[in-house]
Amino acid sequence: MIPEQHVAMAPASIPKLSIGMVAFDDFNGVYFTIQSLKMYHAEVLSNSEIIVIDNNPESNEGRETGSFCKTDKKINYIKSDNSRGAFAKEDVFLHAKSDNVLVCDCHVLFAPNAIASLVSFFESGEDGGNLIQGPLLSDDMKIIATHLKPTWGSGMFGQWAYDKRVESEKSFEIPAQGMGVFACKKNAWVGFNKKMKKFGGEEYFTHEKFRQAGKKAICLSKFSWLHRFRRPNGAPYKPTRENKFKNHIRAMLETDMPVFEAIEHYKSIGTDELTLNKWLNAVIQENAQLH
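Residues numbered from 1 in each chain as written. Predicted model: local features only at pLDDT ≥ 70, side-chain atom pairs only at ≥ 80, totals over all residues. Heavy atoms only, no water.

1. A few points about the overall build of the protein
Stated precisely, the cut-off is as follows: Each helix corresponds to a stretch of at least 4 residues labelled H or I by DSSP, and each strand to a stretch of at least 2 residues labelled E; elements are numbered beginning at the N terminus. For this measure, only C-alpha atoms enter the radius of gyration; the expected value for a globule follows 2.2 Å times N^0.38, where N is the number of residues. Only protein chains enter the calculation, and the probe is 1.4 Å; a residue is then buried if its accessible area is under 20% of its type maximum, exposed if over 50%, and partly exposed in between. Note on contacts: a residue pair is in contact if any heavy atoms of the two residues lie within 4.5 Å. The positive count covers Lys and Arg only, the negative count covers Asp and Glu only, and His and the chain ends enter neither. Every charge is mapped onto a representative atom, which is NZ of Lys, CZ of Arg, CG of Asp or CD of Glu.
Tallying secondary structure elements over the protein gives nine helices and 14 strands in all. Taken over the C-alpha trace, the protein has a radius of gyration of 20 Å; the compact-globule value for 291 residues is 19 Å, and the two agree within 12%. With the C-alpha coordinates of the protein rotated into their principal frame, the extents come out at 85 × 45 × 40 Å. In the protein, which comprises 291 residues, the proportion classed as buried is 52%. Relative to all contacts within the protein whose residues are 6 or more apart in sequence, the contacts with residues 24 or more apart total 77%. Side-chain charges in the protein split into 36 positive and 35 negative, and the spacing between the mean points of these groups amounts to 1 Å.

See the structure below:
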């Protein structure tokens, strides 16, 4: 009788980087973001995984997105229900196989060597468990913003600003940056407020949660990215002033930041005080129920 042979199985390869995005009726965005990663960042993609969370998988755009994602075994396509809108981004951390996680909007293109610089930053340990972001490029490929300054505009907290250190330093601390692109260690992610949904309120408050956890927000100078802001037909989802205001209040209460700034700003853009008080009280009651 021939003895049974036991063949040792090689452990599954763990990717160096998990790249994740959330989509809602944006096949073109997903397609060109992923194809540009393959075409211009092949040296990183060879040992990375891609995660696509689709918030509207049964629409025409969603079905086409799912069909495209199935053409590549490295793409993990996940159907979602849009209950949290943009905040489903943090689900990327749940599904990531790598310790190093990059989250981006599904309509972002990265500059040459941008992702390689991020992987190198992680592998060297220089990330320090901090929130890593990079400079935003304008349509003419020039750096338009390295960070957000702590001022209000158009119903949002944080306005684009430029720091000259990007021209000479590898990385530097920033107060915040747009959340179209961000990265950190999987175990360093601080999480969004679970009541936040749809759109608005990510910026600054996520960065403040990192600071309250003893970490920093960092601009990695070579980690630059281009965001498609233009949409001739408009966004398929409709952000509302009410939802943005409530998300800001939720985040401010969680981080112990004064809510009067949000109230005054929303007054300045034409929201009446009675409406603001109604929205504010709804969040306060919601917050009390959580505790």
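2. Digging into unusual backbone geometry
A positive phi angle is found at Asn-82, which is not glycine, with a value near 65°. Mapped onto the fold, Asn-82 is located in the loop between strand E3 (75-79) and helix H4 (91-95). A positive phi angle, near 60°, is found at Lys-198, a position not held by glycine. Mapping Lys-198 onto the fold places it in the loop between strand E12 (181-185) and helix H6 (205-212).

3. As for the packing of helix H7 (residues 241-255) against helix H8 (residues 260-268)
As a reminder, the rule being used: Throughout, an axis means a line fitted to C-alpha atoms (over the contacting stretch in the case of helices), and angles, computed between N-to-C directions, take values from 0 to 180 degrees. An angle counts as roughly parallel when it lies under 35 degrees, as roughly antiparallel when it exceeds 145, as roughly perpendicular when it falls between 65 and 115, and as oblique in every other case. Take the far helix as the reference: if the near one is turned anticlockwise from it by less than a right angle, the crossing is left-handed, and if turned clockwise, right-handed. We call Asp, Glu, Lys and Arg charged. Ala, Val, Leu, Ile, Met, Phe, Trp, Tyr, Cys and Pro are nonpolar, and the rest, Gly among them, are polar.
Packing of H7 against H8 leaves a shortest axis separation of 10 Å and a crossing angle of 165°. When the axes of H7 and H8 are compared, the pair comes out roughly antiparallel. Crossing handedness for the pair H7 and H8: right-handed. Residues Arg-241, Lys-244, Phe-245, His-248, Ile-249 and Met-252 of H7 form the contact with H8, whose own contacting residues are Ala-262, Ile-263 and Tyr-266. Considering only residue class, the contact of H7 with H8 consists of six nonpolar, one polar and two charged.

4. Notes on the environment of Arg-63
Along the chain, the position of Arg-63 falls in helix H3 (residues 60-69). A relative accessible area of 43% places Arg-63 in the partly exposed class. Between the C-alpha atoms of Arg-63 and Asn-233, which are 170 residues apart in sequence, the distance is 20 Å. Contact partners of Arg-63, with chain neighbours within four places excluded, come to Pro-57 and Glu-58.

5. Thoughts on the pattern of salt bridges
Worth spelling out the cut-off: Think of a salt bridge as a Lys or Arg side-chain nitrogen and an Asp or Glu carboxyl oxygen that are within 4 Å of each other.
For the structure on display, the rule yields 17 salt bridges. Here Glu-123 and Lys-16 are joined by a salt bridge, their closest N and O atoms 3.4 Å apart. Within this pair, whereas Glu-123 is found in helix H5 (residues 114-124), its partner Lys-16 is found in the segment before strand E1 (17-23), the two being separated by 107 residues in sequence. A salt bridge links Lys-194 to Glu-90; the nearest nitrogen and oxygen atoms lie 2.9 Å apart.

6. Here's the deal with the sheet that holds strand E14 (residues 225-227)
Formally: In short, DSSP must find at least two bridges between two strands for them to pair.
Taken in spatial order, the four strands make up an open sheet running E5-E14-E7-E8, and their pairing is mixed. In this open sheet, the two edge strands, each paired with only one partner strand, are strand E5 (108-110) and strand E8 (143-145). The pairing of strand E7 (residues 136-137) with E8 spans two bridges and is antiparallel. In the strand pairing of E8, Leu-137 is matched with Ile-143.

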